[in-house]
Amino acid sequence: MPEFRRVWSSAAQLRCSRCTIVVLAVLATMSEAGPLTHEEVTIANTGRPRVDCTGQPMDVHDGVIVQWFPGDLFHWYGMGYRNCTETKGAIPPVDCPGIYRPYGGCGFRVDHAVNLYTSPDLVTWTFVRDVFPLGSRPSGIYFRPKVVYNRKTARYVLWINYLPPAPNPLEAYPRATYVVATSATADGPFNVVTSNATVEHTGGGDVTLIVDPATDIGYVAYGSWSTSHRIAIEQLTDDFTNSLGSRASSGLITPPNNEAPILFSRNGMFYLLYGACCCFCHEGSGTIALHATNPLGPWRPLGDGKDLNPVVDLSGNRRIRAQESFTVEVAVEGGPPAWLYVGDLWASAPGPSHFKSQDPQYWQPLIFNDSVTPATIAPLQFLSSFTLNISVGR
């Protein structure tokens, strides 16, 4: 591992006031990976927002965590919802009244940030910057950022949900789309190259991306208002800045009223996770799992097809009161990579402020049964903490 990795790994154990200096050194001296070592880390679910190395709550939601090469820093890109407090609504969705209130309210502000934090170990996080600043993008509401790397163009590619201006967000959703931006570096800034991605179905809902590790072909999975929130997958153009639409599509995969797709590849098998529509819902959403040998399908239920995060009481609360956001692939000592589930615990920010920016996340390892093909995933079970022996750069 290059010298800057050794400096960061040591400095992370020192006083947090040095974080900014260390990150600037990292960004200035990135180079190829070298030998790895291992470190035991414990990740806790406390019900409170995670904090960065200065003690500040992390404003980072519905995004993605990526380690761009073995031993690299983990990069957490996520939505910064800012310090606003959203009151309960009088009509459904009660946790999401900003959807029918005037455009720009809490949860639907026009100044959302795309925040980047980095970490050597998934525990100690340093704020880097807003990688998609307001002055570089069309005015509107943004959420659910996803970033992949294109080897052919040597560009990092950001796809993000975009709601254009309207009297209220509900009226904007039928015209919702995806803005695509690129950067030469992982830490941005990202510059818009596609202001209205040409996916097949209009009114774009929650989105995610994957690059097939065997072919380097990119794919986008998304739901849409025009299909009553059914999820489809489409192949991306060679530069990942647009979709091939109906020319290379899975067709509609899921029943109506589903969102929050997660798409990942493990041991040559593709997994699609999704759940019922959940607009900042406090009770959490489900996790249905499908599998396929190709991102364009055919997609089939995984195992018995049951919800991995079922309803557990008459109030509709899920076993884990989270809406799934993404998975994280983590290299660990002496075995295959671990896959971590990360979900947003909406409407659960601590008081007295209850800031949207401080809604925390829930993390846990996915447990795979490799004695069957395809490997199935065990139902989610709440963990207050878990420990991993992860590979880190020296």
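Residues numbered from 1 in each chain as written. Predicted model: local features only at pLDDT ≥ 70, side-chain atom pairs only at ≥ 80, totals over all residues. Heavy atoms only, no water.

Enquirer: I'm lost on the packing of aromatic side chains in this one. Help?
Expert: The geometry of two aromatic rings is summed up by the distance between their centres and the angle between their planes. For the structure shown, the criterion picks out 24 aromatic pairs. Between Tyr-142 and Tyr-162, the ring centres sit 5.0 Å apart and the planes meet at 45 degrees, which makes this aromatic pair tilted. Here the residue Tyr-142 occupies a position in strand S6 (residues 141-150), and Tyr-162 occupies one in strand S7 (residues 155-163), the gap between them amounting to 20 residues. Accessibility expressed as a relative area gives 10% for Tyr-162, which makes it buried. Three or more aromatic residues joined by ring pairs make a cluster, and in this case those are Trp-68, Tyr-77, Tyr-149, Tyr-156 and Phe-190. Sitting above the plane of the Phe-368 ring, Arg-266 keeps its charged end 3.9 Å from the centroid. Stacked on the ring of Phe-280, the Lys or Arg Lys-356 has its end atom at 3.8 Å from the ring centre. (Phe/Tyr/Trp six-rings, centres within 6.5 Å; stacked < 30°, edge-to-face > 60°. Helix = DSSP H or I, 4+ residues; strand = E, 2+ residues; numbered from the N terminus. Buried < 20%, exposed > 50% of the residue type's maximum accessible area, 1.4 Å probe, protein only. Lys NZ or Arg CZ within 6 Å of the ring centre and 35° of its normal.)

Enquirer: Looking at this structure, how should I read the state of the cysteines?
Expert: Put plainly, two cysteines are in a disulfide when a covalent bond ties their sulfur atoms together. A full pass over the atoms with the stated rule returns 3 disulfides. Cys-278 shares a disulfide with Cys-281; S-S distance 1.7 Å. Taking the sign of the torsion about the S-S bond as the criterion, the disulfide between Cys-278 and Cys-281, at about -95 degrees, is left-handed. An identical accessibility class is assigned to Cys-278 and Cys-281; each is buried. With no disulfide of its own, Cys-277 has Cys-278 as its nearest cysteine by sulfur position, at a separation of 8.8 Å. Take Cys-277: its relative accessible area is 35%, and that puts it in the partly exposed class. (Disulfide = S-S within 2.5 Å.)

Enquirer: Explain the environment of Arg-266 here, please?
Expert: Its place among the elements puts Arg-266 in strand S14 (residues 258-266). In this structure Arg-266 touches Tyr-271, Trp-339, Phe-368, Asp-370 and Ala-375, once residues within four positions along its chain are discounted. Polar side-chain contacts of Arg-266 include one of 2.8 Å to the side chain of Asp-370. (Contact = heavy atoms within 4.5 Å. Polar contact = N/O pair within 3.5 Å; in protein donor to acceptor, adjacent residues only side chain to side chain.)

Enquirer: Before we go on, may I ask you to explain the sheet that holds strand S2 (residues 61-67) in this structure?
Expert: Sheet strands pair by backbone hydrogen bonding; their relative direction is either parallel or antiparallel. If you trace the 4 strands from one edge of the open sheet to the other, you get S2-S3-S4-S5, paired in antiparallel fashion. Lying at the two open borders of the sheet, with one neighbouring strand each, are S2 and strand S5 (126-130). Put simply, the sheet's adjacent strands are angled 25 degrees from each other on average, direction ignored. (Pairing = 2+ DSSP bridges. Axes fitted to C-alpha atoms, helices over the stretch in contact; angles between N-to-C directions.)

Enquirer: How do you make sense of the side chain of Ser-391 when you look at a structure like this?
Expert: Turning to its location among the elements, Ser-391 is positioned in strand S23 (residues 385-393). Setting aside residues no more than four positions away along its own chain, Ser-391 makes contact with Leu-36, Thr-37, His-38, Gln-67, Ala-331 and Val-332.

Enquirer: Please explain the layout of surface pockets as it appears in this structure.
Expert: A probe as big as a water molecule, rolled over the atoms, marks out the empty space that is left. Within this model, the largest pocket holds a volume of roughly 1300 Å³. Considering the residues around the largest pocket, the lining is formed by 46 residues, among which Val-66, Gln-67, Trp-68, Val-211 and Glu-329 are closest to the centre. For the lining of the largest pocket, the secondary-structure elements that each account for two or more residues are S2, S6, strand S10 (204-211), S14 and strand S18 (323-330). For the lining of the largest pocket, the element with the most residues is S18, which contributes 6 residues. Residue classes in the lining of the largest pocket are distributed as 29 nonpolar, 11 polar and 6 charged. Computed from the structure, the second largest pocket encloses a volume of approximately 480 Å³. Surrounding the second largest pocket, 29 residues form its lining, Tyr-173, Asp-206, Glu-259, Cys-278 and Cys-279 being those nearest its centre. Contributing elements (two or more residues each) for the lining of the second largest pocket: S6, S10 and S18. Looking at which element gives the most residues to the lining of the second largest pocket, the answer is S6, with 3 residues. For the lining of the second largest pocket, the residue count by class is 17 nonpolar, 6 polar and 6 charged. (1 Å grid on protein atoms, 1.4 Å probe; cavity = no way out; pocket = protein on both sides within 12 Å on 5 of 7 lines; lining within 4 Å. Points joined across faces, edges and corners; volume = space filled by probe spheres on them. Nonpolar A, V, L, I, M, F, W, Y, C, P; charged D, E, K, R; others polar.)

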